[in-house]
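Report on the structure
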Amino acid sequence: MTAVRDLSFSHVEAVEALVGQIDEFRQAVSTWDDLALLGPSRCHGWSVLDLVTHVRLGIEELAIASTSRTDLPADHDAASYWRSHPDDRDVDPVTHILWLRRVASAHRRPSAAVAHLESASTHATAAVRAMPEGVVPFQGQRLRSGDLLATWVVELAVHQLDLGSDAEAPSGLGWTRATLEALADADLPAGLDDRSAVLVGLGRIPAPSSLALADSFPVSL
């Protein structure tokens, strides 16, 4: 397995970055109509509706975790967190895709998922702003609070790109690029801007033939 570079972020910086990134994602989908929400995202097997539902569930989980603390030391940082998932999606992604599709389809109309996201975003933003610094137990791991929040800056930035080519460039792209490079233990080509580098580093788009890419790319989150 490829080595992972150490990567950490301060609590104060991560709070502000995540609050901004939550708002950016929320705004990015706020004007989408029902038919647009049923269209495909860049995540294989996910519609935009599925993606919105995934994000809403995640920030709800984060809001709950923001109140937890442990006196034990952190055992993962903002990069090594991504080495495992709390379920079996690394082994069998189909199960998770179909589960998410069932959850998303419970909304009466796709636009209801956006309204649900709005409510969850308000709650999550308040929870993040009130979150004290410390070590947080989360999904079987222990992370410093800044690193935990940073993982969701990355998650939201990636999924904002997954909305499609018309999505505005997320403010968290620099942190996302740093995370992918830490996971790959290699730098993405300097000739790529952050948006292109992240999409290439995740395998969402192919790397330009003129640029060399380390064998440890693409990485998955």
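Below is a summary of the structure that appears in this document. Since the structure is predicted, the reported quantities are computational estimates derived from the model, not experimental observations.

Brief notes about the overall build of the protein chain
For the protein chain, the count of helices and strands is eight helices and two strands. Along the protein chain, helices (α) and strands (β) appear in the sequence α-α-α-α-α-β-β-α-α-α when read from the amino end. Relative to the 2.2 N^0.38 estimate, which gives 17 Å for 221 residues, the radius of gyration of the protein chain is 17 Å and therefore close to what a compact globule would have. C-alpha atoms of the protein chain, sized along the principal axes, occupy 50 × 45 × 30 Å.

Focus on the pairing of strand β1 (residues 135-138)
Looking at chain direction, β1 and strand β2 (residues 141-144) are connected through four bridges and run antiparallel. The residue bridging Val135 from the neighbouring strand is Arg144, located in β2. Connecting β1 to the antiparallel partner β2 that follows it, the hairpin turn spans two residues, and Gln139 within it adopts a positive phi of roughly 55°.

So, the nonpolar core
Membership of the largest hydrophobic core comes to 66 residues, with the highest contact counts inside it found for Leu18 and Leu149. Where this core is concerned, the elements lending two or more residues are α1 (11-29), α3 (48-65), α4 (93-104), α5 (110-130), β1, α6 (145-162), α7 (173-184) and α8 (194-201). Not counting the four nearest positions on each side in its chain, Leu18 is found in contact with Leu62, Val128, Leu149, Trp152, Val153 and Leu156.

Here's the deal with the pattern of salt bridges
Pairs can form between side chains of opposite charge once their charged atoms are near each other. In the structure shown here, the tally under the stated rule is 12 salt bridges. With a shortest N-O distance of 3.0 Å, Glu16 and Arg129 are connected by a salt bridge. Linking Glu16 in helix α1 with Arg129 in helix α5, this pair joins segments that are 113 residues apart in sequence. Residue classification places Glu16 among the partly exposed residues on the basis of a relative accessible area of 46%. Across the pair Asp162 and Arg204 runs a salt bridge whose closest N-O atoms are separated by 2.8 Å. You can see Asp162 sitting in helix α6 and its partner Arg204 sitting in the segment after α8, a full 42 residues away along the chain. Owing to a relative accessible area of 28%, Arg204 belongs among the partly exposed residues under this scheme. Residues joined by salt bridges that share partners form a network here, namely Arg5, Asp185 and Asp187.

Concerning the packing of aromatic side chains
Applying the stated criterion across every chain, the model contains three aromatic pairs. Seen from their ring centres, Phe9 and Trp175 are 4.1 Å apart, and the 20° between their planes marks the pair as stacked. With a gap of 166 residues between them, Phe9 in the segment before α1 and Trp175 in helix α7 connect regions that are remote in the sequence. Taking 5.1 Å as the distance between ring centres and 80° as the angle between the ring planes, the aromatic pair formed by Tyr81 and Trp82 counts as edge-to-face. Residue Tyr81 is classed as buried on the basis of its relative accessible area of 8%. Residue Trp82 is classed as buried on the basis of its relative accessible area of 6%. Following the ring pairs from residue to residue traces out a cluster consisting of Tyr81, Trp82 and Phe138.

Considering the packing of α7 against α8
Interaxial distance between α7 and α8 falls to 9 Å at its minimum, and their mutual angle equals 35°. Crossing geometry of α7 relative to α8 is assigned as left-handed. On α8, the residues that touch Leu173, Gly174, Thr176, Arg177 and Leu180 of α7 are Asp194, Arg195, Ala197, Val198 and Gly201. Across the contact of α7 with α8, the residue classes break down as four nonpolar, three polar and three charged.

How each quantity is defined
- Residues numbered from 1 in each chain as written.
- Predicted model: local features only at pLDDT ≥ 70, side-chain atom pairs only at ≥ 80, totals over all residues.
- Heavy atoms only, no water.
- Helix = DSSP H or I, 4+ residues; strand = E, 2+ residues; numbered from the N terminus.
- Rg over C-alpha atoms; globule rule 2.2 N^0.38 Å.
- Pairing = 2+ DSSP bridges.
- Core = buried A, V, L, I, M, F, W, Y, C linked by side-chain atoms within 4.5 Å.
- Buried < 20%, exposed > 50% of the residue type's maximum accessible area, 1.4 Å probe, protein only.
- Contact = heavy atoms within 4.5 Å.
- Salt bridge = Lys/Arg side-chain N within 4 Å of Asp/Glu carboxyl O.
- Phe/Tyr/Trp six-rings, centres within 6.5 Å; stacked < 30°, edge-to-face > 60°.
- Axes fitted to C-alpha atoms, helices over the stretch in contact; angles between N-to-C directions.
- Left-handed = near helix turned anticlockwise from the far one by under 90°.
- Nonpolar A, V, L, I, M, F, W, Y, C, P; charged D, E, K, R; others polar.

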